[in-house]
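Chain by chain, the residues:
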Amino acid sequence: MDIVSVTGLVKRYDDLLALDHFNLNIPQGEIFGLLGPNGSGKTTTINCILSLLTYDRGSISLFGEPMSPTRYDLKRRIGVVPQQVAVFNELTVRENIDYFCSLYVSDRARRRMLVDEAIEFVGLEEFARFRPKKLSGGLLRRLNIACGIAHKPELIFFDEPTVAVDPQSRNAILSGITRLRDEGATVVYTSHYMEEIEQICDRVMIMDHGVSLVQGTCDELKRSIKMGERIVVELEAELPDRDLERLRALPHVLAVDVEGDLLSVTCEPSEHNLTDVIAALRAANARLGRITCAPPTLNDVFLEITGRELRD
């Protein structure tokens, strides 16, 4: 069953068309990455799904049921972890988690058990009596997550949960999100860290201007673009412009860039790209250092599909 089903969603802000007949389907037990440039419609989409915004046309179903602002039975099955840490500074770690859990669970004995499980899940046992002001950025993020998942939601929205945290905290957060999926939760994940999306997401959608541009697994998205690989060569001496132009004229070469002593050659898929580039450099009597060859990344996919111009 699709946990999230969005069909023909249209949302306007006066003359701005924020969502243009947008469709989205997320099956149970999946980590789904929702990507897009600033202003692409990601936040509007999520707010419409959560019934925090009205929309002009289309339908939204969660857990196979129509979603509306008064469907509190569906909302109790949802968790939200916002980008901005949203906790009370006057309350301790335990009190914060207990408060947010109480919005969904009234039974105190059950809530006590859920709070204990949430504290253990995010590894905050030693900090249960601390107030947020005494926590580091990474610990605050983990508290934010505990507040959003303590009531055991079946559908969880994570909005940039690893912003400004250290690598150890980031790994702990990503590992925790994967555990939630493995325990049966469905996760919608937004982030600008493409390596995170590649690491944990089962499927990814890239959207822009209120429409879905492409979706699939990370491998499927990488195969959908022109780029096949990037060859990076360390040069021990500067390469003349005429030799750079010969490289650009090679079959399957999309771009040639030089930054310092590194030559980067972006190619279409072909079995002979590496041998062709090395042969051209040897013909130019170039003095070569280390050579690496790598397939496209999700960041390459994102830039090719959405463009390279800066967004506000």
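For the structure given in this document, a descriptive report is provided here.

Reading the values: the criteria
- Residues numbered from 1 in each chain as written.
- Predicted model: local features only at pLDDT ≥ 70, side-chain atom pairs only at ≥ 80, totals over all residues.
- Heavy atoms only, no water.
- Phe/Tyr/Trp six-rings, centres within 6.5 Å; stacked < 30°, edge-to-face > 60°.
- Helix = DSSP H or I, 4+ residues; strand = E, 2+ residues; numbered from the N terminus.
- Buried < 20%, exposed > 50% of the residue type's maximum accessible area, 1.4 Å probe, protein only.
- Lys NZ or Arg CZ within 6 Å of the ring centre and 35° of its normal.
- Patch = residues over 30% accessible without salt bridge, like charges linked within 9 Å, V, L, I, M, F, W, Y side chains within 5 Å.
- Areas by Shrake-Rupley, 256 points an atom, 1.4 Å probe, with all protein chains shown as cover.
- Salt bridge = Lys/Arg side-chain N within 4 Å of Asp/Glu carboxyl O.
- Polar contact = N/O pair within 3.5 Å; in protein donor to acceptor, adjacent residues only side chain to side chain.
- Core = buried A, V, L, I, M, F, W, Y, C linked by side-chain atoms within 4.5 Å.
- Arc of directions from axis to C-beta.
- Contact = heavy atoms within 4.5 Å.

## Quick look at the packing of aromatic side chains
So, point 1. Per the counting criterion, the structure on display carries five aromatic pairs.
So, point 2. Taking the centre distance of 6.5 Å and the plane angle of 40° together, the rings of F158 and Y189 count as tilted. Of this pair, F158 sits in strand β7 (residues 155–159) while Y189 sits in strand β8 (residues 186–190), and the two are 31 residues apart along the sequence. A single burial state applies to F158 and to Y189, both of which are buried.
So, point 3. A network of ring pairs unites the aromatic residues F88, Y99 and F100 as a single cluster.
So, point 4. Over the ring of F63 we find R77, and its NZ or CZ is 4.0 Å from the ring centre.

## So, a nonpolar patch on the surface
So, point 1. Judged by side-chain polarity, F88, Y99, L103 and Y104 come together as a nonpolar surface patch covering roughly 360 Å² of accessible area.
So, point 2. By the secondary structure assignment, Y104 is in the loop between α3 (93–102) and α4 (108–122).

## Brief notes about the side chain of T306
So, point 1. One can find T306 in helix α11 (residues 298–306).
So, point 2. One polar contact links the side chain of T306 to the main-chain carbonyl oxygen of F302, over a distance of 2.6 Å.

## A short note on the nonpolar core
So, point 1. Counting residues in each nonpolar core, the largest one holds 48 residues, and the members touching the most others are I97, F158 and Y189.
So, point 2. Core analysis: the second largest hydrophobic core is formed by 25 residues, F22, L34, I46 and L50 among them.

## A closer look at helix α10 (residues 273–283)
So, point 1. For α10, every residue scored as buried is listed here: N273, V277, I278 and L281. End-on view of α10: buried residues confined to an arc of 125°, all on one side of the axis. Turned more than 90 degrees away from the buried face of α10 sit T275, R282 and A283, all of them exposed.
So, point 2. Tucked into the core, α10 has its buried residues touching β11 (229–235), α9 (241–248), β13 (262–267) and β14 (288–294).
So, point 3. Two residues or fewer after α10 comes N285, characterised by a positive phi angle close to 60°.

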